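Each chain, written out:
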Amino acid sequence: FVFPRGKPHGKLDLDQVVQQPYRQAQRIFFRNNPHFNTTETLQNMREGFECIENDRPVTLRQYHKVVRRKLLEIMRKHGLKVVTFPSIDGDEVFAKISMDMDGEVIKHLAQRFSYAKAFTHEAYKDLQTHGIYQGGRPMERRGRAVPAYAPYQLEIGHLMEPF
């Protein structure tokens, strides 16, 4: 993420007034969508917005402080690693986001977004011959293994190639 900073180093006028700051924050953090956990979304809106929940105008400085803090809190709460640091010229703040490539976070994200993963060679060991498939190993094309792919699922993740 790249967060622009206020003057004198950045381009933002942090004294500018933000109208309806709570409503603006809802547009970022509240999702009324069946793919999102509405209970969790509502809980996100209950905490961390106390200084803007009355929806009275605030400065851009206050608004950005609340929104950035909440973004980082949510990412960390869900197991993402977040490190922030200023740009060389000081006009932006970068947020570097990462995760453990062998951890639970990446597995849950892969399942949620139906990320296609290749099966390991080990996954084929008990498969029987069927039609042109020889069984016991991935199919081949021109002498090279061509593994099957499927959307990642936690239950069969041990049969899929690592991330």
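Caption draft 1: Inspection of the pairing of strand β4 (residues 81-86) at higher detail. Sheet analysis places β4 next to strand β5 (residues 92-98), joined by six bridges and oriented antiparallel. Residue pairing for β5: V83 is matched across the bridge by K96. The hairpin turn running from β4 into β5, its antiparallel successor, is five residues long, and G90 in that turn takes a positive phi close to 80°.

Caption draft 2: Molecular detail of the sheet that holds β4. In space, the three strands of this open sheet follow the order β1-β5-β4, with antiparallel pairing throughout. At either end of the open sheet lies a strand with only one pairing partner, and these are β1 (2-4) and β4. For this sheet, the mean angle separating the axes of adjacent strands, direction not counted, is 20°. In the packing of helix α3 (residues 60-77) onto the sheet, contacts are made with β1, β4 and β5, and the angle to β4 comes to roughly 145°.

Caption draft 3: Region of interest: the environment of K70. Inspection of the secondary structure assignment puts K70 in helix α3. For K70, a relative accessible area of 2% puts it in the buried group. Distance from K70 to E47, taken between C-alpha atoms, is 8.8 Å for residues 23 residues apart in sequence. Ignoring sequence-local partners within four residues, the contact set of K70 consists of F29, N44, E47 and F49.

Cut-offs applied
- Residues numbered from 1 in each chain as written.
- Predicted model: local features only at pLDDT ≥ 70, side-chain atom pairs only at ≥ 80, totals over all residues.
- Heavy atoms only, no water.
- Pairing = 2+ DSSP bridges.
- Helix = DSSP H or I, 4+ residues; strand = E, 2+ residues; numbered from the N terminus.
- Axes fitted to C-alpha atoms, helices over the stretch in contact; angles between N-to-C directions.
- Contact = heavy atoms within 4.5 Å.
- Buried < 20%, exposed > 50% of the residue type's maximum accessible area, 1.4 Å probe, protein only.

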